[in-house]
Amino acid sequence: MLLLWVSLVAVSALAVQAPGAGEQRRGAAKVPNVVLVVSDSFDGRLTFHPGSQVVKLPFINFMKARGTSFLNAYTNSPICCPSRAAMWSGLFTHLTESWNNFKGLDPNYTTWMDVMERHGYRTQKFGKLDYTSGHHSISNRVEAWTRDVAFLLRQEGRPMVNLIHNRTKVRVMERDWQNTDKAINWLRKEAINYTEPFVLYLGLNLPHPYPSPSSGENFGSSTFHTSLYWLGKVSRDAIKIPKWSPLSEMHPVDYYSSYTKNCTGRFTEKEIKNIRAFYYAMCAETDAMLGEIILALHQLDLLQKTIVIYSSDHGELAMEHRQFYKMSMYEASAHVPLLMMGPGIKVDLQVSNVVSLVDIYPTMLDIAGIPLPQNLSGYSLLPLSSETFKNEHKVKNLHPPWILSEFHGCNVNASTYMLRTNHWKYIAYSDGASVLPQLFDLSSDPDELTNVAVKFPEITYSLDQKLRSIINYPKVSASVHQYNKEQFIKWKRSIGQNYSNVIANLRWHQDWQKQPRKYESAIDQWLKTHMNPRAV
């Protein structure tokens with residue numbers, strides 16, 4: 001394995017070989033190859049200062065120096081399947097109705113990769129995709145469907161860390177490394193021989209926390225898991241211990257999330273710091289896999305002919321706002337990395353415009369010179385990152401000065417909508433009336449500790465009106481509520497007499513089994529409220 005050599009030599013060696021902006025222009029005989037690497041749960045703020053000082057990410061830094069980085073890139077839904085559905089479809093979540101980790105795109109949905117293949121690209125994908133319907137656990141589905149029920153149950157185990165015994169182990173996440181190897185082998189054995197351009201997708205599971213133990217006191221917990229090798233890439237002194245609002249002062253949706261994630265108990269500073277250190281170490285391992293792809297392209301003389309894009313489906317809270325995982329519009333959860341480098345891409349450029357994952361679809365087509373559909377939610381990023389690519393078919397309008405993110409899944413008890421503009425973040429919930437909104441000024445409050453929605457009513461109103469012009473969010477929330485009830489009823493009928501036993505033994509079983517009749521009755525009452533009688 002070349003990792004040690006890579007970490008010491010590759011950045012400087014590649015810097016000599018990597019093309020500068022403009023060396024390969026459109027109008028040449030071939031359009032460029034494209035490699036898209038998408039990880040899971042990577043906090044985009046780690047790709048720029050001060051987050052970049054916490055952990056060594058040499059290949060992300062290389063992409064920043066040799067390409068364009070988007071400083072304000074966001075997920076369109078802070079959970080795996082809906083965010084990936086947005087990325088592969090180029091459409092907002094409410095347009096594809098990708099409501100939760102069980103409800104994504106239809107398996108035969110036409111993605112940007114399908115379109116590129118029809119236009120002559122050779123295509124291949126490895127690793128985590130997770131954008132179609134029908135996946136994830138029964139527990140995850142039921143928790144998403146019943147989030148409107150008037151009960152409060154822990155759906156997760158307390159987050160924990162685990163250090164493997166082998167001090168020098170590099171390949172901790174074996175499955176991701178195997179998929180990285182498959183991608184490299186494909187480049188070496190197949191892509192190198194193509195006369196047509198190719199597009200390669202690699203999906204990584206890291207730095208998503210590891211699955212929980214199946215039994216014992218930590219049942220249902222999520223584990224931040226790494227080795228001393230990767231912890232050595234983390235500067236513990238630079239790790240910031242996040243400030244928390246008192247439980248009594250938390251926004252009600254935040255409190256629900258913290259409770260269901262089992263984070264309302266006491267955490268020591270050492271415990272929080274360990275969780276964050278282990279998470280950053282997992283990010284360092286992710287960066288190394290990205291580096292292996294870049295190195296392979298360099299060795300095969302493909303780097304000068306290939307656009308490389310790196311992003312993530314969402315971020316990771318890592319104990320910010322008294323939470324781990326995602327399912328939140330706070331920066332740690334919603335802010336994603338987005339970097340591009342390759343022929344024609346501007347070098348050492350940092351773009352401050354707000355962009356999001358739906359922009360990947362039109363960007364991929366724009367790179368290939370394919371006419372852009374008119375109905376996409378996203379916009380090509382090439383006008384922001386390149387002067388050499390001029391797709392005569394692309395929409396003339398540049399990216400609007402806002403992005404939309406929405407969430408309808410588990411661990412949050414109200415549909416959530418975020419409008420991000422220049423320095424404002426506006427978050428609305430449910431029907432816009434039953435739950436108070438949040439407004440944060442990220443220029444003066446980057447940690448999002450002070451909700452100023454009441455302090456600035458004119459700005460709150462203006463942003464809410466803008467949000468409603470983009471999405472009729474009260475109507476969408478009502479549609480999701482109806483969908484949740486209908487899906488729950490179908491599931492309940494499908495398991496028949498086993499219903500009481502099954503629902504009592506999902507991830508929330510420790511709380512549920514203390515008062516099972518209480519929680520079943522709460523569900524019954526929920527189903528009777530504002531429900532189509534025929535459905536019941």
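All values derive from a computational prediction rather than experimental measurement. (Residues numbered from 1 in each chain as written. Predicted model: local features only at pLDDT ≥ 70, side-chain atom pairs only at ≥ 80, totals over all residues. Heavy atoms only, no water.)

Details of the overall build of the chain
In step 1: When helices and strands are tallied, the chain shows 18 helices and 14 strands.
In step 2: Counting over 536 residues, the chain shows a buried share of 60%.
In step 3: Of all intrachain contacts in the chain linking residues separated by at least 6 positions in sequence, the fraction that spans at least 24 positions is 77%.
In step 4: With an accessible surface of roughly 21400 Å², the chain has 50% of that area assigned to carbon and sulfur atoms. (Helix = DSSP H or I, 4+ residues; strand = E, 2+ residues; numbered from the N terminus. Buried < 20%, exposed > 50% of the residue type's maximum accessible area, 1.4 Å probe, protein only. Contact = heavy atoms within 4.5 Å. Areas by Shrake-Rupley, 256 points an atom, 1.4 Å probe, with all protein chains shown as cover.)

Digging into the side chain of Thr260
In step 1: Residue placement: Thr260 occurs in helix α9 (residues 252-260).
In step 2: For Thr260, a relative accessible area of 0% translates into the label buried.
In step 3: A polar side-chain atom of Thr260 sits 3.0 Å from a polar atom in the side chain of Asn411.
In step 4: The residues contacting Thr260, other than those within four sequence positions of it, are Leu153, Arg154, Gln155, Glu156 and Asn411. (Polar contact = N/O pair within 3.5 Å; in protein donor to acceptor, adjacent residues only side chain to side chain.)

Here we look at the environment of Lys475
In step 1: Residue position: Lys475 is located in helix α15 (residues 473-495).
In step 2: Judged by its relative accessible area of 59%, Lys475 is exposed.

With respect to the sheet that holds strand β12 (residues 416-420)
In step 1: What the 4 strands build is an open sheet, ordered β11-β12-β13-β14; its pairing is antiparallel. Where the open sheet ends on each side, the last strands, each with one partner, are β11 (403-407) and β14 (438-441). Going across the sheet, the axis of each strand differs from the next one's by a mean of 15 degrees, ignoring polarity.
In step 2: As defined by bridge partners, strand β13 (residues 424-429) adjoins β14 across 4 bridges and the pair is classed as antiparallel. Paired with Trp424 across the two strands is Asp441, which belongs to β14. (Pairing = 2+ DSSP bridges. Axes fitted to C-alpha atoms, helices over the stretch in contact; angles between N-to-C directions.)

A short note on the pairing of strand β1 (residues 33-39)
In step 1: Summarising burial for β1: 7 of the 7 residues are buried, a large majority.
In step 2: With burial as the criterion, each face of β1 is covered, one bearing Asn33, Val35, Val37 and Ser39 and the other bearing Val34, Leu36 and Val38.
In step 3: As paired elements, β1 and strand β7 (residues 306-312) share 7 bridges and run parallel to each other. Directly across from Val34, in β7, lies its bridge partner Ile307.
In step 4: Where β1 and strand β5 (residues 198-203) come together, 5 bridges link them in parallel fashion. By the bridge assignment, Leu36 is partnered in β5 with Tyr201.

With respect to the nonpolar core
In step 1: With 86 residues, the main nonpolar core has Leu187 and Phe198 as its most contacted residues.
In step 2: Residue contributions to this core peak at 17 residues, all from helix α10 (residues 269-299).
In step 3: When residues are assigned to domains, this core turns out to be shared by domain 1 (33-407) and domain 2 (416-528), each giving three or more.
In step 4: If we skip the residues at most four places from it in the chain, Leu187 touches Ile192, Phe198, Leu200, Ala296, Leu297 and Leu300.
In step 5: Counting residues in hydrophobic clusters, the runner-up holds 41 residues, among them Ala86, Phe102, Val480 and Leu506. (Core = buried A, V, L, I, M, F, W, Y, C linked by side-chain atoms within 4.5 Å. Domains from an automatic or database assignment.)

By themselves these figures say nothing about function.
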